[in-house]
Amino acid sequence: MDQVQLRSLRDVIAVLIEQRSIVTAAGATFAAHLLDLAIMQLRLNVNDISAEELSGLSDYVGAEFNRDKPSH
């Protein structure tokens, strides 16, 4: 991805973050969640993070969370 495309994606991310604030303030939590997903996907693209890398991170964080969770 060239610098122009990266800058453009970063601009889109900034706009989506603003839009997320607006819909959150309006109480549209589902719309805010959808915007969060779009923002995350664009950030993955900008930072060249693959689905496999994200899955690995998610598995690691989940395992750490479960390890640190107090047992009842």
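The rules we used
Residues numbered from 1 in each chain as written. Predicted model: local features only at pLDDT ≥ 70, side-chain atom pairs only at ≥ 80, totals over all residues. Heavy atoms only, no water. Salt bridge = Lys/Arg side-chain N within 4 Å of Asp/Glu carboxyl O. Helix = DSSP H or I, 4+ residues; strand = E, 2+ residues; numbered from the N terminus. Buried < 20%, exposed > 50% of the residue type's maximum accessible area, 1.4 Å probe, protein only. Core = buried A, V, L, I, M, F, W, Y, C linked by side-chain atoms within 4.5 Å. Contact = heavy atoms within 4.5 Å.

**Q** Got a minute to help me understand the pattern of salt bridges in this structure?
**A** Close approach of charged atoms allows side chains with opposite charge to pair. In the structure shown here, the tally under the stated rule is two salt bridges. Two residues, arginine 20 and aspartate 36, come together in a salt bridge whose shortest N-O distance is 2.4 Å. Separated by 16 residues along the polypeptide, arginine 20 in helix H1 (residues 3-25) and aspartate 36 in helix H2 (residues 29-46) bring together distant segments of the chain. The class for aspartate 36 is partly exposed, based on a relative accessible area of 31%. For arginine 67, the salt bridge goes to glutamate 64, with nearest N and O atoms at 2.7 Å. A residue pair is termed a helical-turn pair when its members lie 3 or 4 positions apart in one helix, as arginine 67 and glutamate 64 do in helix H3 (residues 51-68) at three residues. In this structure glutamate 64 comes out as partly exposed when scored by relative accessible area, which is 25%.

**Q** How should the environment of isoleucine 22 be read in this particular structure?
**A** Within the secondary structure layout, isoleucine 22 lies in helix H1. The class for isoleucine 22 is exposed, based on a relative accessible area of 52%. Sequence separation of isoleucine 22 and alanine 51 is 29 residues, and the distance between their C-alpha atoms is 29 Å.

**Q** What should I look at first to understand the nonpolar core in this one?
**A** Among soluble globular proteins, nonpolar side chains are generally buried collectively. Counting residues in each nonpolar core, the largest one holds 10 residues, listed as Leu6, Leu9, Ile13, Leu16, Val23, Ala32, Leu35, Ile39, Leu42 and Val46. Every element with two or more residues in this core is listed here: H1 and H2. Beyond its immediate sequence surroundings of up to four residues, leucine 16 is in contact with Leu35, Ala38, Ile39 and Leu42.

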